[in-house]
Amino acid sequence: LKLQFLYLIGTTMLRLHVVHQHVQRRWAASARPRGQPPSRSGRNSRLKEWRAALDSSPPGKVPTKLLAEMEAGIAGESPGSLPAVVSMLAKAKWRRAGRREVAGVLDTVASHLVMQRAAATMTERDVRTLLNALAKCSHRDAALLDHFAGEVAPRAGSFEARSLAMTVWSYATMRGTHGELFSAVAKESIEKAGQFKPQGLANTAWAYATVRHDARALFDSVATEAARQVGQFKPQELANTAWADATVRHDA
């Protein structure tokens, strides 16, 4: 009984805290001159509020009102904060049950990023996080993929191995066949092959085989590096790498 009582107090306090934050943000928005964007501290507070509300949502129950609020508030967010928003949704346990509602938020995020031409100014980490989260949400937006491919391809040389692997894996998962991007990443991946870990090697091989992008030199590098690290591979990573290599050599 004592544990139940403490649990009840804890959940009640959490709800009161979320409501308090919501009221404070509404008051601050009403006090702010019309047309003036929220401050950075206000945006961070809103992201924390969304995260707390998402984390406290029961599994299987879609928080439709919260998602509608998020969709309406995206325009007031800076492009740099949006990868965190998409990542929140990708981790939500009820994401599949709320596919339609989540898609509405993701559509708004994608439109905002394309309109702001955000890929040119986003950090490597933000690009990686955003694309990976969109892929996990199974959300494909053609305009966003085109925009990011055009901006990321010239920057591939500055990306670390982890980001290169995650970028092409995300594009392949979303069925984004952008030749210029895959060619640029292949070139850099060959030069940085020794920096890849087993998961990165497996994901890279899987991505190129999935989109059927001709990169035989890359597969030679992957095979050499995979043989060197074979003892560190997980069974699924070995299976994916072997499938990719067999698929590419069969197509050849």
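Shown above is the structure to which this text applies.
In this text, all values refer to a predicted model and were calculated from it rather than measured experimentally. (Residues numbered from 1 in each chain as written. Predicted model: local features only at pLDDT ≥ 70, side-chain atom pairs only at ≥ 80, totals over all residues. Heavy atoms only, no water.)

Caption draft 1: Structural view of the environment of Ser221. If you trace the backbone, Ser221 turns up in helix α11 (residues 216-228). Taking the C-alpha atoms as reference points, Ser221 and Lys192, separated by 29 residues in sequence, lie 9.6 Å from one another. (Helix = DSSP H or I, 4+ residues; strand = E, 2+ residues; numbered from the N terminus.)

Caption draft 2: Main features of a positive patch on the surface. A surface patch of like charges, here positive, comprises Lys48, Arg51, Lys91 and Lys136. Its place among the elements puts Lys136 in helix α6 (residues 124-136). For Lys136, a relative accessible area of 44% corresponds to the partly exposed category. (Patch = residues over 30% accessible without salt bridge, like charges linked within 9 Å, V, L, I, M, F, W, Y side chains within 5 Å. Areas by Shrake-Rupley, 256 points an atom, 1.4 Å probe, with all protein chains shown as cover. Salt bridge = Lys/Arg side-chain N within 4 Å of Asp/Glu carboxyl O. Lys, Arg positive; Asp, Glu negative; His and termini not counted. Charge placed at Lys NZ, Arg CZ, Asp CG, Glu CD. Buried < 20%, exposed > 50% of the residue type's maximum accessible area, 1.4 Å probe, protein only.)

Caption draft 3: Fine view of the packing of helix α4 (residues 82-91) against α6. One can describe the packing of α4 onto α6 by two numbers: an axis separation of 8 Å at closest approach and a directional angle of 30°. Considering the angle they form, α4 stands roughly parallel to α6. Along this stretch, α4 crosses α6, giving a crossing that reads as left-handed. The residues of α6 that touch α4, namely those facing Pro83, Val86, Ser87 and Ala90, are Asp126, Thr129, Leu130, Ala133, Leu134 and Lys136. Grouping the amino acids of the contact of α4 with α6 by side-chain chemistry returns six nonpolar, two polar and two charged. (Axes fitted to C-alpha atoms, helices over the stretch in contact; angles between N-to-C directions. Parallel < 35°, antiparallel > 145°, perpendicular 65-115°, else oblique. Left-handed = near helix turned anticlockwise from the far one by under 90°. Contact = heavy atoms within 4.5 Å. Nonpolar A, V, L, I, M, F, W, Y, C, P; charged D, E, K, R; others polar.)

Caption draft 4: Looking closely at the side chain of Thr247. Inspection of the secondary structure assignment puts Thr247 in helix α12 (residues 235-251). Since its relative accessible area comes to 12%, Thr247 is described here as buried. A polar contact is formed between the side chain of Thr247 and the backbone oxygen of Trp243, at a distance of 2.8 Å. Once you skip the residues sitting within four places of it in the chain, Thr247 turns out to touch Ala209 and Arg212. (Polar contact = N/O pair within 3.5 Å; in protein donor to acceptor, adjacent residues only side chain to side chain.)

Caption draft 5: Layout of unusual backbone geometry. In the Ramachandran plot, Ser138 falls in the positive-phi region, its phi being about 55° despite a non-glycine side chain. Looking at the secondary structure, you find Ser138 in the loop between α6 and α7 (142-152). Even without being glycine, Arg175 reaches a positive phi, approximately 60°. In this structure, Arg175 sits in the loop between α8 (161-173) and α9 (179-191).

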